[in-house]
Amino acid sequence: MIETLAAAPGAEVEALSASALLALARDRKAAEHRAAADVLEVAARWADLHPPESIHTAATFGDGGRYGLEHEEPIAGEGCPAVAEFCIAELGTVLGISSTAAKRLIGHALELRHRLPRLWAQVHAGAVPAWRARTVAEATIHATPSLTVEAARWVDTQVAAVAGRVGPAQLDRLVAETIKRHHLDTHDPATDPEDGWQHVDPRHATVHDQDVHYAGTMRFEAELDIADALDLDRALAHGAETLKALGSAAPLHARRSAALGDLARTQTALDLHAQGSTAATGEDGLPVAREVVLHAHFPASLDGHDRLDGLDTVFGPTGRLEEGQRLVLLEQVKDWCRDSRTKVTVKPVIDLTAELTAPGYDIPDRIREQVILRDRTCVFPWCTRPARGCDIDHVVPYDHEADTEGRPQPGPTVSSNLAPECRWHHRLKTHSAWRYDVTGPGVYEWTSPHGHRYRRDRTGTTRINGSADDPAPPGRP
């Protein structure tokens, strides 16, 4: 019965008994784990096929990446082979993930194969899911201080003994113990508040900007010093009671959340006030604590149907939050603007469909702003880096010698020949065999070195086709 589901899954599933459904679920979950293990194997093998020409062309995590590093760090730990940086994009696009995610995938695969071999074997034996093994690899790659090969192998032994079943807290403590056992910590034990125990500072304050609720909220998570946590709790309790006294009918947890925002704005105001007369002030003479910049512009679509902004949804009129590319409700924008210490700036109306031109190579601010608002993010397949932090690339390169030699300019500075690209993908386009063309306003078609093609527009990335010389998958003609 299970073998026939590929042909007509809907009809077949409806006919299954309870026991057969459970068997099917177990079978499909096992197949999912096998497929994830295969992807790790493919990633490691892909890395083997693409060694860097030199250490300067090896893939790394660097400043501005996921980890906010102030220096470049290898994608896998000591003892793992280096990988050519530009090969990563090809694997990522085939898998439908960003280049950063592909970099992590390859790094995890190499870390497991070369430094965590027991865990690697358990993944391929089906004893440990790939996702759980990758969690361990992430911890050993980015441990501080870095783990030696011997230290990583010790972690491997401990985790493999329990078939990879360790939680985040246990994993953090295991890494800390590893650093202590292998004498990797260079600090003075006499000053260690835990009497020589490797101190892993768990404090953090993290905004989960990729997890925005439809109601327009965002999750904030923090690990604080005990005294700081208690002080914050008292401040939030006081703020919540103050809001209630002022007439707020919101429940306690919502008032505590609002009180935290009030604390942030108050602190911002104090910081600005300390800067002296250079700080902008509101009508009450106090420094502004928030600035709301409103961009008014026309839709990029020429047909008038696919609107870029001013969307009508079941949640009511909406706008778009440029930071994070998230929809926001009109009522939220109104609430932000009502605050007496909010500075509101309305940017001029921009027609996103107009063809703006400029002489020479330099891109004027008016054209740069139009391109940023039109495309929103880096236009490389599956990249989500906001356009405002990207380079603006001439799709057809600008020829600096054309004017002096009396030739037509092949890459003019016009709206239709410009696109935002994050610095890494800009370098990829410039120094590798990746190519792309403009096929419409804000629509780009990319071709990879292996002939895979992708369309990127404001709705996201779509595969056009695979490589022309791709062999047929096993079992297919």
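Remember, predicted model here, so these are calculated numbers, not experimental data.

**With respect to the overall build of the chain**
Moving on, step 1. When you go through the chain residue by residue, the secondary structure sums to 13 helices and 17 strands.
Moving on, step 2. Considering the chain as a whole, with its 477 residues, one finds that 35% of them fall into the buried category.
Moving on, step 3. Long-range contacts, defined as pairs at least 24 residues apart, comprise 57% of the intrachain contacts of the chain with a sequence gap of at least 6.
Moving on, step 4. For the chain, the accessible surface area stands at approximately 27,600 Å², while carbon and sulfur atoms represent 55% of it.

**Let's talk about the confidence of the model for the chain**
A low pLDDT means the predicted coordinates there should not be read in detail.
Moving on, step 1. Looking at the chain as a whole, the pLDDT averages 80, with 73% of positions reaching at least 70.
Moving on, step 2. Counting interchain partners and residues more than four positions distant, the pLDDT-below-50 stretch residues 300-311 has 29 contacts.
Moving on, step 3. Here residues 471-477 is modelled with pLDDT under 50, and outside its nearest four sequence neighbours on either side it reaches one contact, counting other chains as well.

**Quick look at the side chain of Glu 90**
Moving on, step 1. In this structure, Glu 90 sits in helix H3 (residues 87-95).
Moving on, step 2. Despite being buried, Glu 90 has no salt bridge partner; Arg 463 is the closest side chain of opposite charge, sitting 10 Å away.
Moving on, step 3. A polar side-chain atom of Glu 90 sits 2.4 Å from a polar atom in the side chain of Ser 448.
Moving on, step 4. Excluding anything up to four places from it in sequence, Glu 90 contacts Trp 46, Trp 434, Ser 448, Pro 449, His 450 and His 452.

**A look at the nonpolar core**
Moving on, step 1. Core analysis: the biggest nonpolar cluster contains 44 residues, and Leu 40, Ile 106, Leu 110, Leu 112, Leu 119 and Val 136 have the highest contact counts within it.
Moving on, step 2. Elements supplying a minimum of two residues to this core: helix H2 (18-49), H3, helix H4 (99-115), helix H5 (117-124), helix H6 (130-141), helix H7 (149-161) and helix H8 (168-181).
Moving on, step 3. Residues within four places of Ile 106 in sequence aside, it is in contact with Ala 43, Trp 46, Ala 47, Ile 75, Val 83, Ile 88 and Leu 91.
Moving on, step 4. With 17 residues, the next largest nonpolar core counts Phe 86, Val 379, Cys 383 and Val 395 among its residues.

**Let's talk about the pairing of strand E16 (residues 453-457)**
Moving on, step 1. Here E16 shows a buried face lined by Tyr 454 and Arg 456 and an unburied face lined by Arg 453, Arg 455 and Asp 457.
Moving on, step 2. Across four bridges, strand E15 (residues 443-447) lies against E16 in antiparallel orientation. Its bridge partner lying in E16, Tyr 444 is registered against Arg 456.
Moving on, step 3. The turn joining E15 and E16, which pair antiparallel and follow one another in sequence, is formed by five residues; a positive phi near 85 degrees is taken by Gly 451.
Moving on, step 4. Relative to strand E17 (residues 460-465), E16 runs antiparallel, the two being bridged by five bridges. From the neighbouring strand, Tyr 454 faces E17, where its bridge partner is Arg 463.
Moving on, step 5. Once E16 ends, the chain turns through two residues before running back antiparallel as E17.

**Comments concerning the pairing of E15**
Moving on, step 1. For E15, the tally of buried residues reaches four of five residues, placing the bulk of the element in the interior.
Moving on, step 2. Judged from the five bridges that link them, strand E14 (residues 435-440) and E15 form a sheet pairing that is antiparallel. Residue Val 438 lies in a different strand from E15, and its bridge partner there is Tyr 444.
Moving on, step 3. Linkage of E14 to E15, two consecutive antiparallel strands, is achieved through a turn of two residues, within which Gly 442 is found at a positive phi near 70 degrees.

**Some details on a nonpolar patch on the surface**
Moving on, step 1. Residues Val 207, Met 218 and Phe 220 make up a contiguous nonpolar surface patch of roughly 270 Å² in combined accessible area.
Moving on, step 2. In this fold, Met 218 is placed in strand E4 (residues 218-223).
Moving on, step 3. A relative accessible area of 38% means that Met 218 is categorised as partly exposed.

The rules we used
- Residues numbered from 1 in each chain as written.
- Predicted model: local features only at pLDDT ≥ 70, side-chain atom pairs only at ≥ 80, totals over all residues.
- Heavy atoms only, no water.
- Helix = DSSP H or I, 4+ residues; strand = E, 2+ residues; numbered from the N terminus.
- Buried < 20%, exposed > 50% of the residue type's maximum accessible area, 1.4 Å probe, protein only.
- Contact = heavy atoms within 4.5 Å.
- Areas by Shrake-Rupley, 256 points an atom, 1.4 Å probe, with all protein chains shown as cover.
- pLDDT = per-residue confidence, 0-100.
- Lys, Arg positive; Asp, Glu negative; His and termini not counted.
- Salt bridge = Lys/Arg side-chain N within 4 Å of Asp/Glu carboxyl O.
- Polar contact = N/O pair within 3.5 Å; in protein donor to acceptor, adjacent residues only side chain to side chain.
- Core = buried A, V, L, I, M, F, W, Y, C linked by side-chain atoms within 4.5 Å.
- Pairing = 2+ DSSP bridges.
- Patch = residues over 30% accessible without salt bridge, like charges linked within 9 Å, V, L, I, M, F, W, Y side chains within 5 Å.

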